[in-house]
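Examination of the molecular architecture
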Amino acid sequence: MAEAVIVATARSPIGRAGKGSLKDMRPDDLSVQMIEAALAKVPELDRKEIEDIHWGIGQPAGQGGYNIARVLAVELGLDTVPGVTVNRYCSSSLQTTRMALHAIRAGEGDVFISGGVESVSSFGISGGADGAPNSKNPIFDDALARTEKTAEGGAGKWTDPREQGLLPDVYIAMGQTAENVATYTGISREDQDRWGVLSQNRAEAAINAGFFEKDITPVTLTDGTVVSKDDGPRPGTTYEKISQLKPVFRPDGTITAGNACPLNDGAAAVVIMSDTKAKELGLTPLARIVATAATGLSPEIMGLGPIEAIRKVLKLAGKSISDIDLVEINEAFAVQVLGSANELGIDHDKLNVSGGAIALGHPFGMTGARITSTLINNLQTHDKQFGIESMCVGGGQGMAMVLERLS
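None of these values were measured; they are calculated from a predicted model. (Residues numbered from 1 in each chain as written. Predicted model: local features only at pLDDT ≥ 70, side-chain atom pairs only at ≥ 80, totals over all residues. Heavy atoms only, no water.)

Moving on, we come to the overall build of the chain. Scanning the chain from terminus to terminus reveals 13 helices and twelve strands. Scaling as 2.2 N^0.38, a compact globule of 407 residues should have a C-alpha radius of gyration of about 22 Å, and the chain matches this with 20 Å. Here the chain holds 407 residues, and the buried ones make up 58% of them. The contacts of the chain with a sequence gap of at least 6 include a subset with a gap of at least 24, amounting to 81%. When the accessible surface of the chain is summed, it comes to about 16,000 Å², and 49% of that surface belongs to carbon and sulfur atoms. Each charge class in the chain can be summarised by its mean position, and for the 37 positive and 50 negative side chains these summaries are 2 Å apart. (Helix = DSSP H or I, 4+ residues; strand = E, 2+ residues; numbered from the N terminus. Rg over C-alpha atoms; globule rule 2.2 N^0.38 Å. Buried < 20%, exposed > 50% of the residue type's maximum accessible area, 1.4 Å probe, protein only. Contact = heavy atoms within 4.5 Å. Areas by Shrake-Rupley, 256 points an atom, 1.4 Å probe, with all protein chains shown as cover. Lys, Arg positive; Asp, Glu negative; His and termini not counted. Charge placed at Lys NZ, Arg CZ, Asp CG, Glu CD.)

Here you go:
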């Protein structure tokens, strides 16, 4: 059975939605630049050998609508290459990598483009919408009302509504899930804020060390301006500053702008091959995809999704957490990273070592591929072999992947 290996990655800078550096970039045009950049790193590859483009997007509407993956193929001049658009929300582009892994192991092709994009700035443009209230099934009305009541008045320790014979709120706002995780785990506001500071400080250190010059592919805007840096990192962030921020989602809550990710724009691409094709082309792969896993849990505490996803992927990989050198858990919220890491016994010194989404940003459909790029670069930078990337997923899911560095 062929192994699936990653031979190139490219990720854009991450812009702040609505006011940042990429706010006027269409998601398809941004995606094309990243795919072109990734393919430029493997000139040995005949583009006609690309089997499929798998592209993730968390909100496939407006400028990101239709089948954006097929739009990209045509825009790239790859008329004979098909494309499929994937939505597993925050892990959409990790799912695209998983699809390439499965296809290669099944012998259905040797070369795939995976990745994803999100342009929160374009939500609502050309008919798009970020939440489409008409899509909500009225069977969940009672659950929605319960969430709204909790948000208005605060809450005690979270309990599973299934235990009371009630439906969980599948449409729950992500900030409310984070507050539920805080009450469920007992993780304090101070601990969350200190992780938010650590994320910013680690990102600042990585920037100063030149790490992101390797990680980021510059984007050329329509006016010719070149963007080469993430908008999000805030140099000099301190606990004293962050601790003064007010809760966003509940009057007595713990989630603030300092311990949660912002809204963002960005895209990232990954070129995945069979190991036999890479050898035929004389390529030295960056990493081998060892295993992937997806799991589910209550939508109301979706932030803890990485726990079972990591346990499952470790079992599939035949490894324990002690075998893993570096871990990336997407920082949708500090509380869910801490809750997941604490439960799994992950050493914080191995976790998100160059900062996470609190500092860098979280363009939903891009994030899985962005973390893949960052994890590979960190494995190279720190001369380590095995890494895990994982994230919680809206609607109550978790995903994880084990990578082995090869070069």
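Once that is clear, we can look at unusual backbone geometry. Phi at Y89 takes a positive value of approximately 45°, unusual for a residue other than glycine. Mapped onto the secondary structure, Y89 falls in the loop between β4 (83-86) and α3 (92-105). The phi torsion at D383 lies on the positive side, around 55°, for a residue other than glycine. Of note, D383 is situated in the loop between α13 (367-381) and β11 (386-393). By relative accessible area, which is 57% here, D383 ends up exposed.

This next bit is on the side chain of T217. In this fold, T217 is placed in the loop between α7 (211-215) and β6 (219-220). Residues within four places of T217 in sequence aside, it is in contact with A10, R11, S12, P13, M34, A37 and K41.

Okay, the layout of surface pockets next. Using a probe with the size of a water molecule, rolled over the atoms, empty space left in the structure can be pinpointed. By volume, the second largest pocket is sized at about 290 Å³. Every residue lining the second largest pocket is counted, 18 residues in all, and those nearest its centre are I207, F212, I216, K229 and D230. For the lining of the second largest pocket, the leading source of residues is helix α6 (residues 189-208), giving five residues. When the residues that make up the lining of the second largest pocket are grouped by side-chain class, the tally is nine nonpolar, four polar and five charged. (1 Å grid on protein atoms, 1.4 Å probe; cavity = no way out; pocket = protein on both sides within 12 Å on 5 of 7 lines; lining within 4 Å. Points joined across faces, edges and corners; volume = space filled by probe spheres on them. Nonpolar A, V, L, I, M, F, W, Y, C, P; charged D, E, K, R; others polar.)

Within the secondary structure, I57 is located in the loop between β3 (52-56) and α2 (68-75). Note on I57: relative accessible area 2%, which makes it buried. Residues in contact with I57, not counting those within four places in the same chain, are G64, T85, V86, N87, S92, V117, E118 and G365.

Counting across every chain of the model gives 15 salt bridges. One salt bridge in this structure joins D24 and K23, with 3.1 Å as the shortest N-O distance. Where E308 meets R311, a salt bridge forms, and the shortest distance between an N and an O atom there is 2.6 Å. Of this pair, E308 and R311 both sit in helix α10 (residues 305-317), separated by three residues, roughly a single helical turn. Linked by salt bridges that have partners in common, E3, R288 and E404 make up one network. (Salt bridge = Lys/Arg side-chain N within 4 Å of Asp/Glu carboxyl O.)

Here we come to the pairing of strand β10 (residues 326-329). Burial along β10 is two-sided: the face carrying L326 and E328 and the face carrying V327 and I329 are both buried. Here β10 runs beside β11; their pairing, made up of four bridges, is parallel. Bridge pairing in β11 links E328 to E389. (Pairing = 2+ DSSP bridges.)

So, on to the environment of R26. Turning to its location among the elements, R26 is positioned in the loop between β2 (15-16) and α1 (27-40). Through-space distance from the C-alpha of R26 to that of E75 is 13 Å; in sequence the pair is 49 residues apart. One polar contact links R26 to D28, side chain to side chain, over a distance of 3.0 Å. (Polar contact = N/O pair within 3.5 Å; in protein donor to acceptor, adjacent residues only side chain to side chain.)

Now for α13. Counted at 1.5 Å a residue, the expected span for α13 with its 15 residues is 21 Å, and the 20 Å between its end C-alpha atoms agrees. Here α13 lies mainly inside the structure; 14 of its 15 residues are buried. (Expected span 1.5 Å × (residues − 1).)

The tally for this structure, following the rule as stated, stands at one cavity of 30 Å³ or more. What the largest cavity holds in volume is close to 30 Å³. Around the largest cavity, the lining residues are P27, I57, Q59, A61, G64, S119, S122 and F123. Grouping the amino acids of the lining of the largest cavity by side-chain chemistry returns four nonpolar, four polar and no charged.

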